[in-house]
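Take a look at the letters that make up each chain.
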Amino acid sequence: MRLGVLTSGGDCPGLNAVIRAVVRKVERDLDGTVIGFRDGYLGLMEDRYEVLTVDRCRGILPRGGTILGTSRHQPYGVDGGVDMVRRTVAKRGLDGLVVIGGNGSLGAGRDLQDDGVPVVGVPKTIDNDLGCTEVTFGFDTAVTTATEAIDRLHTTAESHDRVMLVEVMGRHVGHIATWSGIAGGASMILVPEEPFDLDEVCAALVRRHESGRFASIVVVAEGAVPVEGTFTLPDPGIDEFGHQRLGGIAHLLAPEIAARTGFDTKVVVLGYLQRGGTPTPADRVLATRFGVAAAEAASDGDWGTMVAIRAGRIIRVPLTEAVAEPKVVAPDIHDVGKIFFA
Ligand code: F6P
């Protein structure tokens, strides 16, 4: 078997663990060869690659980022992109591709599959918003990083009797905000799934301070939105890949909270810290299981599927179903967080 592998979209702790597992399984158990394309779909279109071996993958398990590089470019965003992909796949004699990516990248993978290029998907994103899998690798690491930051912010916020707004990633969903907020004992968690009323947020913070429990940590997902008519966020614009620009909501909310409550309000945007660095043991194991399972799916010829985890077991699901709808935070988890709100 000859398999191509690529990492696409935002980087994520555990990408190298997946690559290493695919290579190990294919080289040692399936007597095949793995070719790694540089910079996601861009390298696939441009036929930029390296042959990946078990030796080449030594030492990469605990490393964050991706040894292959990544990008947000996709064949469907480039004139003739799909033909370029077909040419590379034929030229390199590949049976198919393992695409390690999030919603957008696996959506392109599904379209390639429909257009005759065999694809197996591996669900990657710190946001944990992919459907059909209980969790994506990278999420546990991001939550761990965010929780550590919140733990540290408690002591400084308490010392100065401040409101501390901690902004975490999550453009359509609030999984990181909810999990790190609960784990870090947040006074409030604002997520895209449940629009917030800023007056209610401020009233709760005032009640908390008046009751003598000083300092508040408010965890806000970058994609959180106010209830219509209660507070207006400026239009952030669109980036070159058609995604809404995000990151910065905490800076917009802080002066408003300060003005409405009179509390000293500070902001910490965790940003790319959540994506960088070494994966947690849980993410290393999940990524490794996904990599082995993806190689097996390819070897079985089960193209058009994504590997996933459900009730602790690795399964295969149709790519089409996986990318149909983002997975939102289950209301019962968010409700648990609310018990501890301000
Ligand atoms: O990996 C997903 C994500 O972390 C989003 O939460 C965030 O909005 C986005 O990536 C930002 O990534 P970039 O700036 O690299 O496009």
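These notes cover the structure that comes with them. (Residues numbered from 1 in each chain as written. Predicted model: local features only at pLDDT ≥ 70, side-chain atom pairs only at ≥ 80, totals over all residues. Heavy atoms only, no water.)

1. Here we look at the site of the ligand
- Neighbouring residues of the ligand: R72, I126, D127, M169, G170, R171, E222, Y272 and R275.
- In the model, an oxygen atom of the ligand is placed 3.4 Å from a nitrogen or oxygen of the G170 main chain.
- Interatomic distance of 2.7 Å between a side-chain N/O atom of E222 and an oxygen atom of the ligand.
- In the complex, the protein chains occlude 80% of the 400 Å² of accessible area that the ligand would expose alone.
- Classifying every residue of the shell around the ligand gives three nonpolar, one polar and five charged.
- Each of domain 1 (2-138 + 279-322) and domain 2 (141-276) accounts for three or more of the residues forming the shell around the ligand. (Near = heavy atom within 4 Å. Polar contact = N/O pair within 3.5 Å; in protein donor to acceptor, adjacent residues only side chain to side chain. Areas by Shrake-Rupley, 256 points an atom, 1.4 Å probe, with all protein chains shown as cover. Nonpolar A, V, L, I, M, F, W, Y, C, P; charged D, E, K, R; others polar. Domains from an automatic or database assignment.)

2. Considering the pairing of strand β8 (residues 216-221)
- With six of six residues buried, β8 is to be regarded as a mostly interior element.
- Taking every second residue as pointing to the same face, both faces of β8 are buried, with S216, V218 and V220 on one and I217, V219 and A221 on the other.
- By the bridge criterion, six bridges tie strand β6 (residues 163-168) to β8 in an arrangement that is parallel. Residue pairing in the sheet places L165 in a bridge with V218 of β8.
- Once you follow strand β7 (residues 188-190) into helix α7 (residues 198-210) and on to β8, the crossover reads as right-handed. (Buried < 20%, exposed > 50% of the residue type's maximum accessible area, 1.4 Å probe, protein only. Helix = DSSP H or I, 4+ residues; strand = E, 2+ residues; numbered from the N terminus. Pairing = 2+ DSSP bridges. Right-handed = clockwise from strand over helix to strand, strands pointing away.)

3. So, a nonpolar patch on the surface
- A cluster of nonpolar side chains, I182, V336, I339 and F340, forms an exposed patch at the surface whose accessible area comes to about 400 Å².
- As for its placement among the helices and strands, V336 is situated in helix α11 (residues 331-338).
- Residue class for V336 comes out partly exposed when judged on its relative accessible area of 38%. (Patch = residues over 30% accessible without salt bridge, like charges linked within 9 Å, V, L, I, M, F, W, Y side chains within 5 Å. Salt bridge = Lys/Arg side-chain N within 4 Å of Asp/Glu carboxyl O.)

4. A closer look at the environment of L52
- With respect to the element layout, L52 can be found in strand β3 (residues 49-52).
- C-alpha separation for the pair L52 and T155, spaced 103 residues apart in sequence, amounts to 47 Å.
- What L52 contacts, discounting residues up to four positions off in sequence, is V5, I19, V23, E27, V34, I35, G36, I67 and L68. (Contact = heavy atoms within 4.5 Å.)

Structural measurements only, silent on function.
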